[in-house]
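# Residue-level structure breakdown
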Amino acid sequence: MSQNPQTIDQSCKIDAESAFNFRQRLPALAEKIIASCDDEACYSHIDYEPLHSETAVIDIIKRFREILFPGYFGEQKLDPANLKYYMGQSVSLLFDTLSDEVTHSIRHDCLRYDQSCSNCSESGHQIVLEVFEAVPQLRRVLATDVRAFFEGDPASKSYDEIIFAYPGIFAIMVYRIAHLLYLKEVPLLPRIMTEHAHSVTGIDIHPGAEIGEYFVIDHGTGVVIGETAVIGKNVRIYQGVTLGALSLPQNAGEQLRGKKRHPTIDDDVIIYSSATILGGNTVIGKRSVIGGNVWLTESVPPDTRVIMETPKLIYKKENL
Amino acid sequence: MSQNPQTIDQSCKIDAESAFNFRQRLPALAEKIIASCDDEACYSHIDYEPLHSETAVIDIIKRFREILFPGYFGEQKLDPANLKYYMGQSVSLLFDTLSDEVTHSIRHDCLRYDQSCSNCSESGHQIVLEVFEAVPQLRRVLATDVRAFFEGDPASKSYDEIIFAYPGIFAIMVYRIAHLLYLKEVPLLPRIMTEHAHSVTGIDIHPGAEIGEYFVIDHGTGVVIGETAVIGKNVRIYQGVTLGALSLPQNAGEQLRGKKRHPTIDDDVIIYSSATILGGNTVIGKRSVIGGNVWLTESVPPDTRVIMETPKLIYKKENL
Amino acid sequence: MSQNPQTIDQSCKIDAESAFNFRQRLPALAEKIIASCDDEACYSHIDYEPLHSETAVIDIIKRFREILFPGYFGEQKLDPANLKYYMGQSVSLLFDTLSDEVTHSIRHDCLRYDQSCSNCSESGHQIVLEVFEAVPQLRRVLATDVRAFFEGDPASKSYDEIIFAYPGIFAIMVYRIAHLLYLKEVPLLPRIMTEHAHSVTGIDIHPGAEIGEYFVIDHGTGVVIGETAVIGKNVRIYQGVTLGALSLPQNAGEQLRGKKRHPTIDDDVIIYSSATILGGNTVIGKRSVIGGNVWLTESVPPDTRVIMETPKLIYKKENL
C-alpha cells in the first residue's frame, strides 16, 4: 500500500522535564491507591495465605492428563522400556504438586475463616493418595467417554484425534478430576480447575455435578451444567445446552445454597443444541431425546422424544 | 493395547538430495510471497509503528488485577508490612507499561492516518495519571460487582472464589478498565483488552458500553454487549444474552458508525439465559425481568416480567 | 478488612515421619496406575510416534499469521528495507516447522495403522511447498474477509483493529490454512489447528467445510460450522449460528462418516445470531436473510427473508 507514512520525529518524544513532572505525580497517586486497601467496602487479601497460582493449576491438569492418557501429551515417546520410569516419575511429581495445592486450599480456608486446625497438610496428602487410588478406574471411565464420542460423531477420524484435540473430552476429564476433589471437600481448587477448562473450551461444568460414564459433549461452546445436576450413563449433549436452576428470588444465594436446584438426566438421553432444562425436580426419563432449542421446566417420561412445534416462520420476498 | 507398532525405518527418512531439492524451491516461493506484499488488494502494515504485542496487553491486565484486588493474584504473600512497598512498586511498573502502550496506540494512529501531531507521549502519560486517579473508585465499583455475584449465586462459596475464579468478574474488570481508556479516546488498546477477555471468558463486552455498579454476568459464555448499550445499576445477566443492534442494511458500517444502536437496560433488571434484546431505542424499565430465550425489539415498561408463551412442545413415544 | 488472621503455626506443618509414611505408599499406587496402561479398555499411546506438541501447533499459526498479514504481529517494525529479509526468514522458518509437523502427522497415522509406506517425509515437504504456492492467493482472500468485516460492522474503527483484535478474522484465517492441509489429506493437524482457534475464539469451524471469500463472522462465540457445510461468497454470520447435521441415529458415526450432512449457504446470505440450519440437503438461496433464532431444516429459495413469527410473549406486572 503506497502511502507516505510519517516517521517518528522529535514531536513524538516526551522531553525529560515533562517525563519527570509526570513521574513526580505518581507517589501521591500510589498513596491513594494503597490507602484504598483499607477501604472496608473493597476486597483485599492481605495477611492471608496466597491463593493458588494459575500456573500451578494448569500444571496439575497437564500432569494429570499425561497419566490418564499415557503417551498422548508428553514430549517424549513412550515405549514399553521407558513406560514404567516415565509414569513413575510423572505420578511422583504430580503427587508433590497436587498435595501441595490441596494442602494449600485447606489451609487457606482454615486461616481465612479462623477454623480450628484442619490438619491441612495431613489431609492434603491423604486426599491425594485416595485420588490416586481412583486413577485406574478414572482411566476406565474416560475411555468409555472416548468411545462414546467416536460412535456418536461422524466427523471424528480416530480415537487419537478425540483424545488429543476435542474440547469436550478435555472438559470432561478436568470435571472428573475436580469432582473427586469436590467429593473430598477440598475448597477452591476444584472450581478453579473447572473454570480453567471453561476458559479453554467454553464448557462450564460445576465440579459438584454427578455424571455417569459414556458421556459426550459435542462442540460444547456455551454448555452449562449446574452444581446439583445428576446425569446418568450414556448421555450425549450438544453445544449451548443449559442444565440450570429455575429463576431465583432475591437473595437466592443464601436461601438455596446446598439445595438441589438443577435437573436429573437419566441414562441414554440425548439433548440437542441450545436446549434448556431447568429445575431441581425436573427429571428426563431414560432413552428420551430432547430436541434443539427446547425449553423445559417439567419432567419428561422415559422413551419420549420432545421437540418444538415446528416454529412458524415468515417468508418474505426481499425487495431488490 | 497389544498391537505391533512399526518403528521408523529408513523409508521414513528423507534423503539428503530430496531435502536439498525441496529447499531449493523455497527462495522462488518466498519471492512470490514477498511480492504479494505489494498487492494493493492485500493488507500489510509496513513502515508504520508496530501494533501492540499481545504479551504487553496481557501483562497490563495482570498488573491491573493485582492493584484492583490486592493480595489475590501475586505470587507473594501481602501483609501489612510489605503492602506499601509491593503496591507502590506495582503501581510504578504499571504506570510505565501502560503509558508506553497508550502512547503507542495514539502514535500509531497519528502516523498511520497522517494526523497532525497528537502529542502522543504527553497525552499517554496524562491519560494514565487520570486513570490512576480513578483506581480507588474503580475498586469500590468492582467490590459492588463481587457482592452482587455472591448474593445472586447459590453455587458460590466465598468472595475469594468469585474474585479468583469467576469468568464474569474477570470480564467485567477488564471492561471497566478498558471503558476508562475508551472515554479518553485511546484508540485500539481498549478493544484489544476486551477482546482478550472475550477470548478467556466467552464474554464480549464492547469498551464503549456504559455499565452501572452491582453488575453480574453468570456463566457468561456467549454474552454480547454492544458498543452503545447502556446498563443501569444492579443488573444481572446470564449466559448467551445479546444486547445487540437491529439487522443492518448494506454498508451499515459507514451509515451507523457512532449512532446508538444497542438497548438501554434500567436499574435492577434481570435477563435470563439466551435472551436477545435489540435496537437503540429499546428500553427495559426498572425492576423488569426478561425470561430465558425471549426475543425483544421493543421497550418494556418498569416492573414487568416478560416470558415466552409456554412453547408448544411435541411429545412422541420413541420407537424402540 | 480488619480481621485477625492467624498465621501458620506448627500444626500447619506435616512432621517428617508422616511425610515419609505418605510417600511410602506412592510406589504401590504408581504400580497400579502403570498396570492400568495394559488395561485393554483404556487408551494409551505407547510405542507410537508422539503426537503433535501444542506449542508447535501454536507456533505454526503465529508464523503463518506474520506471513499472511506482514507487519501486524511481529515484535519488529517492518519497513521496505528489512521486509525482504524478515519475510524470507519467516517463510524459511515456517517451511521447516510446518513440513516437520505435516510429515509427523502422516508418519503417525502410517505407523499407527500399519499402512504401507506413505513416503511421509517426501509428502510432508511436497505438501508444504504446494501450500506456500497458495499463500499469495490466500492473502487476497483474507483481505476480502477483512473488507467485508469493516463494511458490515459499525463498531469497527479501522482495518488494523479488525486484523489485530477480531476473533472472527483469527478463526477464519486458521480455518483457511487448515482447509488447505485438509484438502491435501494431512491427518490430525488440520483439526488440531481449528480446535486451537475454537479454544481462542469460541468459533468451531471444521477444516473440511468449504467457504468462499468475503466471509464475516461477527462476535462469533458459539458458532459451529460442520465438516460438509458449503458456504458461498459474501456470507455474513453472527454469534451462536449452527450449520449442523440433522439428529443422528444410533451409531451414526460409522454410517454417516464422509456423507454430506451439513447445509449449503449460497452467495450474499446473512444469518443472524443463534439461527440453526441443519441437514445436508438444506440450501439457503442467494441473497436470502435468515433472522435470529430461526430454526431451519428445509431449503429457502433465493431473495427470501425468513424470520420467526413474532414470538408470543407474556407480560406480567411484577408483585412488588
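Note that this is a predicted model, so its numbers are computed, not measured. (Residues numbered from 1 in each chain as written. Chains lettered and ligands numbered in written order. Predicted model: local features only at pLDDT ≥ 70, side-chain atom pairs only at ≥ 80, totals over all residues. Heavy atoms only, no water.)

## Points about the domain arrangement of chain A
All names here are of chain A. Partitioning chain A into structural domains gives domain 1 (44–203) and domain 2 (209–309). For domain 1 versus domain 2, the distance between C-alpha centres works out to 25 Å. Contacts between domain 1 and domain 2 engage 18 residues on the former and 18 residues on the latter. Surface buried jointly by domain 1 and domain 2 totals about 1,400 Å² across both partners, of which 54% is contributed by carbon and sulfur atoms. For domain 1, the biggest contributors to the area lost against domain 2 are Thr144, Tyr175 and Ile203; these three give 30% of the whole. Between domain 1 and domain 2 we count 0 salt bridges in total. The interface formed by domain 1 and domain 2 includes 10 residue pairs in polar contact (both at pLDDT 80 or more). (Domains from an automatic or database assignment. Contact = heavy atoms within 4.5 Å. Buried area = accessible area lost by both parts, 1.4 Å probe. Salt bridge = Lys/Arg side-chain N within 4 Å of Asp/Glu carboxyl O. Polar contact = N/O pair within 3.5 Å; in protein donor to acceptor, adjacent residues only side chain to side chain.)

## Thoughts on the interface of chain B and chain A
Counting from both sides, the interface comprises 89 residues of chain B and, opposite them, 83 residues of chain A. When residues of chain B are sorted by the area they lose upon contact with chain A, Arg139(B), Pro154(B) and Phe164(B) head the list and together hold 9% of the total. If you look at where chain B meets chain A, you find 8 salt bridges. Here Glu49(A) and Lys77(B) are joined by a salt bridge, their closest N and O atoms 3.9 Å apart. Here chain B is connected to chain A by 27 residue pairs in polar contact (both at pLDDT 80 or more). Here the element with the most residues in the side of chain B that touches chain A is helix 4 (residues 83–112) of chain B; it accounts for 12 residues. Residue composition of the side of chain B that touches chain A, grouped by class: 43 nonpolar, 18 polar and 28 charged. (Helix = DSSP H or I, 4+ residues; strand = E, 2+ residues; numbered from the N terminus. Nonpolar A, V, L, I, M, F, W, Y, C, P; charged D, E, K, R; others polar.)

## Remarks on the confidence of the model for chain A
Residue and element names in this part refer to chain A. Model confidence for chain A is summarised by a mean pLDDT of 90, while 93% of its residues fall at 70 or above. Below a pLDDT of 50 lies the segment residues 1–5, which in the model reaches 10 contacts outside its immediate sequence neighbourhood of four places, other chains included. With a pTM of 0.94, the predicted complex shows an ipTM of 0.92. (pLDDT = per-residue confidence, 0-100.)

## Let's talk about empty space enclosed by the protein
Enumeration over the complete set of coordinates arrives at 6 cavities of 30 Å³ or more. Lining the largest cavity are 17 residues; nearest its centre among them are Ser199(A), Gly202(A), Gly202(B), Ser199(C) and Gly202(C). Across the lining of the largest cavity, the residue classes tally to 2 nonpolar, 15 polar and no charged. (1 Å grid on protein atoms, 1.4 Å probe; cavity = no way out; pocket = protein on both sides within 12 Å on 5 of 7 lines; lining within 4 Å. Points joined across faces, edges and corners; volume = space filled by probe spheres on them.)

## Remarks on the pattern of salt bridges
Across all of its chains, the model carries 48 salt bridges over all chains by this definition. Lys32(A) is the partner of Glu133(B) in a salt bridge, and the nearest nitrogen-oxygen pair spans 3.4 Å. Linking Glu133(B) in helix 5 (residues 120–133) with Lys32(A) in helix 2 (residues 26–35), this pair reaches from one chain into another. Glu133(B) sits in the partly exposed class, given a relative accessible area of 41%. Residue Lys32(A) is classed as partly exposed on the basis of its relative accessible area, which comes to 46%. Glu213(B) is paired through a salt bridge with Lys233(B); the nearest N and O atoms lie 3.8 Å apart. Placement of the pair is Glu213(B) in the loop between strand 2 (210–211) and strand 3 (216–218) and Lys233(B) in the loop between strand 5 (230–231) and strand 6 (236–238), with a sequence separation of 20 residues. Its relative accessible area of 44% is what places Lys233(B) among the partly exposed residues. Within the structure, one salt-bridge network assembled from shared partners comprises Lys157(A), Glu227(C) and Arg261(C). (Buried < 20%, exposed > 50% of the residue type's maximum accessible area, 1.4 Å probe, protein only.)

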